[in-house]
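Coordinate analysis (summary)
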Amino acid sequence: MADPAALQLFLAGHGVPNQVTSFLAPLADLLNLHEGRPQFRPAGKKGKRYLDERGVPDVLHPVLVAATGQQCGELSDAHVDGVRRRLTAAMPSPTARAAILLSWLGRLPIPAEALWGEGVLVRQLLADLSLPDVAAAAAEARTGHVATGVINLIMHSGDDGTLATAIGPTLRQLFPPTPAANTLR
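Rules used in this analysis
Residues numbered from 1 in each chain as written. Predicted model: local features only at pLDDT ≥ 70, side-chain atom pairs only at ≥ 80, totals over all residues. Heavy atoms only, no water. Helix = DSSP H or I, 4+ residues; strand = E, 2+ residues; numbered from the N terminus. Buried < 20%, exposed > 50% of the residue type's maximum accessible area, 1.4 Å probe, protein only. Contact = heavy atoms within 4.5 Å. Areas by Shrake-Rupley, 256 points an atom, 1.4 Å probe, with all protein chains shown as cover. Lys, Arg positive; Asp, Glu negative; His and termini not counted. Charge placed at Lys NZ, Arg CZ, Asp CG, Glu CD. 1 Å grid on protein atoms, 1.4 Å probe; cavity = no way out; pocket = protein on both sides within 12 Å on 5 of 7 lines; lining within 4 Å. Points joined across faces, edges and corners; volume = space filled by probe spheres on them. Nonpolar A, V, L, I, M, F, W, Y, C, P; charged D, E, K, R; others polar. pLDDT = per-residue confidence, 0-100.

Turning our attention to the overall build of the protein. The secondary structure content of the protein amounts to twelve helices and zero strands. Its helices and strands taken in sequence order, the protein reads α-α-α-α-α-α-α-α-α-α-α-α from the N to the C terminus. Taking the principal axes of the C-alpha coordinates as reference, the protein spans close to 65 × 35 × 20 Å. When burial is assessed residue by residue, the protein has 44% of its 185 residues classed as buried. A fraction of 73% describes how many contacts in the protein between residues 6 or more apart in sequence connect residues 24 or more apart. Counting only carbon and sulfur atoms, one obtains 58% of the accessible surface of the protein, whose full area is about 9,400 Å². Positive and negative side-chain charges in the protein, numbering 16 and 16 respectively, have mean positions lying 6 Å apart.

Another point: the layout of surface pockets. Here the largest pocket is characterised by a volume of approximately 280 Å³. Broken down by element, the lining of the largest pocket gets its largest block of residues, three residues, from helix 3 (residues 45-53). Of the residues belonging to the lining of the largest pocket, the class tally is five nonpolar, five polar and eight charged. Each pocket or cavity is described by its volume, and for the second largest pocket that value is around 180 Å³. Where the lining of the second largest pocket is concerned, the elements lending two or more residues are helix 9 (118-126), helix 10 (131-141) and helix 11 (144-157). Considering each element in turn, the lining of the second largest pocket owes the most residues, three residues, to helix 11.

Time to look at the confidence of the model for the protein. When pLDDT drops low, the exact placement of atoms in the prediction is not to be read closely. For the protein, mean pLDDT is 91; residues scoring 70 or higher make up 95% of the total. The least confident element of the protein is helix 1 (residues 4-13), whose mean pLDDT is 80; the most confident is helix 7 (residues 94-106), at 98.

And the structure:
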């Protein structure tokens with residue numbers, strides 16, 4: 001109980017639901033992911049800088065720059081499949097794709113863009129990847145943005161503890177236990 005983060009990660013690793021989601025707000029504070037204005041990424045030239053800042057693969061820029069972040073969350077299945085094919089052709093490694101997608105998802109401002117805008121598209125792209133590939137990417141990347149992306153994914157898909165275990169070391173590094181206060185003996 002002296003280390004709440006460790007307890008939450010232990011429980012999540014053993015399949016207790018909704019444990020790692022409690023890290024979302026502290027990560028949003030740490031990584032400054034709170035939304036401002038505009039609430040969603042604009043389309044066109046104004047939106048291009050957001051794609052760069054979010055680490056969106058260059059191969060997707062021509063497709064995504066035409067849509068706002070909100071519109072990305074409303075793309076048809078056929079359009080999402082086209083985005084998926086384009087990304088897969090440029091990045092055949094599923095683990096590398098997962099790492100890029102998790103980082104992108106973890107860089108989206110919370111709540112609107114991450115949960116309803118571009119976040120919907122990124123989660124659809126991640127749904128095509130196997131859980132072991134996503135977990136391997138999360139364990140290897142070890143960044144706050146990837147951990148935030150994993151938490152966003154868990155919030156929408158559930159997890160058996162695999163993804164929580166994969167980001168455990170990252171969360172432990174970002175949120176170490178606080179030293180116990182000096183006590184008199």
